[in-house]
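# Structural description and commentary
Single-letter residue listing:
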Amino acid sequence: MLGICIVFLLADEWGEFLARSVVDQIRRTTTGPYRIYGYAPRATDAHLAVLKGLDVTFLPIPAPATKGMRIAHEHSFFLDNLVTHAFRDGCDHVATFDMDSWPVSAGWDRTYGAMLSPQTPIAAIVRTELTDNFPFAAFLMMPRGFWREGISSFASRDEASPSRRPGETGSGILEQLAREGRDFLRLERTNRWNPHPIIGGLYDDAFFHLGAGSRSSVFLSDDQHYGLSGRPQRKAFAVAVNSAIRDWVLAAMQSDHDALIAELAEGELRRFTPIRTSARGIALEIALTPWFARVGNES
């Protein structure tokens, strides 16, 4: 049994669409038995009415209360508890998604599950488009043997973290891999068409991540992409353009999900072989590998 762990945040008018989309796409593409586990922090009664109609096992929000936590720490806290619950519930593998990320490749669960081993127990998105170096929870898969209840965490706990952005969700997974001298499988952005540096990403043509599902449209890439230079008008412009692109991508997806995915890939989805990466001694920053440099290494 595969446990799928998701934190549902219905933050705006697109929240219901995204919640339904991630569940629908998991149903469409997953070929083995699975169960979805979720939390719905700060959900209103109207949100809960929507979520109750989904095929998700929602758990009570765990103690301690998350008040005062940074968003990334809160997300990691919730995922830690969901993953622990899934393994206690008998799952032999766990995959995590964000509410705005989901599989687009049929049989992804068997494909990536078969790639994992004791030496390489993690397959995950790595946002090298941001020069990140750590597994990212928008898609991360692990076997039961990797997770050490009470010790493992998605959040970093080491002041000397090897992560480029300590504290971000997934940085703690990199720390554990490095401590144990293990490797992970890195899925990178493979868009042939990029409507935005962050919004609307494909990763190894197997997973989609909107990248702006429950947040304001402000990104780490804005300063370079828009030449902000600390200028308020340019920042306002960036937010307006980002918001418009986000809404366009969501509307296009609502109209025809598969057509948008095909456009991002400029046709057929390929099956790329993830990049095996050693966690011990990992570089602080990893540059994006262009998709065309990986052609010929498809699985």
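This text follows the structure it describes.
Residues numbered from 1 in each chain as written. Predicted model: local features only at pLDDT ≥ 70, side-chain atom pairs only at ≥ 80, totals over all residues. Heavy atoms only, no water.

A word on the side chain of S221. Relative to the helices and strands, S221 is located in the loop between strand 10 (207-209) and helix 6 (222-226). Given the relative accessible area of 12%, S221 is considered buried. Aside from chain neighbours lying at most four places away, what touches S221 is H196, P197 and I198. (Helix = DSSP H or I, 4+ residues; strand = E, 2+ residues; numbered from the N terminus. Buried < 20%, exposed > 50% of the residue type's maximum accessible area, 1.4 Å probe, protein only. Contact = heavy atoms within 4.5 Å.)

What follows is about the sheet that holds strand 11 (residues 275-278). Overall, mixed pairing links the 8 strands, which are arranged 3-2-1-4-7-6-8-11 in an open sheet. Only two strands of the sheet have a single neighbouring strand rather than two, namely strand 3 (57-58) and strand 11. Both strand 6 (residues 122-125) and strand 8 (residues 183-187) contribute to a ladder of 4 bridges, which runs parallel. Paired with I122 across the two strands is F184, which belongs to strand 8. Across the face of the sheet, helix 3 (residues 71-88) comes into contact with strand 1 (2-7), strand 2 (34-39), strand 4 (93-97) and strand 7 (136-143) while running at roughly 155° to strand 1. On top of the sheet, helix 5 (residues 171-179) reaches strand 6, strand 7 and strand 8; it is set at about 140° to strand 8, its chief contact. (Pairing = 2+ DSSP bridges. Axes fitted to C-alpha atoms, helices over the stretch in contact; angles between N-to-C directions.)

This brings us to the packing of helix 7 (residues 232-255) against helix 8 (residues 257-265). At a minimum axis separation of 5 Å, helix 7 and helix 8 run at an interaxial angle of 125°. Considering the angle they form, helix 7 stands oblique to helix 8. Residues W248, V249, A252, M253 and S255 of helix 7 touch helix 8, and the partners they reach there are H257, L260 and I261. The residue inventory of the contact of helix 7 with helix 8, partitioned by class, reads 6 nonpolar, 2 polar and no charged. (Parallel < 35°, antiparallel > 145°, perpendicular 65-115°, else oblique. Nonpolar A, V, L, I, M, F, W, Y, C, P; charged D, E, K, R; others polar.)

The 3 strands lie next to each other as 5-10-9, forming an open sheet whose pairing is antiparallel. The sheet terminates laterally at strand 5 (101-103) and strand 9 (201-203), the two strands that pair on one side only. Shown here is a sheet whose adjacent strand axes are inclined to one another by a mean of 20°, direction ignored. With 3 bridges connecting them, strand 9 and strand 10 associate as antiparallel partners. The partner of L202 across the bridge, within strand 10, is F208. Taken strand by strand, helix 8 contacts strand 5, strand 9 and strand 10, and its axis lies near 75° from that of strand 9.

Further remarks concern helix 5. Burial analysis of helix 5 places 8 of its 9 residues in the buried class, the great majority of the element. Turning to helix 5, its buried residues number three or more, namely S171, G172, I173, L174, E175, Q176, L177 and A178. Of the surrounding secondary structure, the elements contacted by the buried residues of helix 5 are strand 6, strand 7 and strand 8. After helix 5 finishes, the residue G181 shows a positive phi value of roughly 65°.

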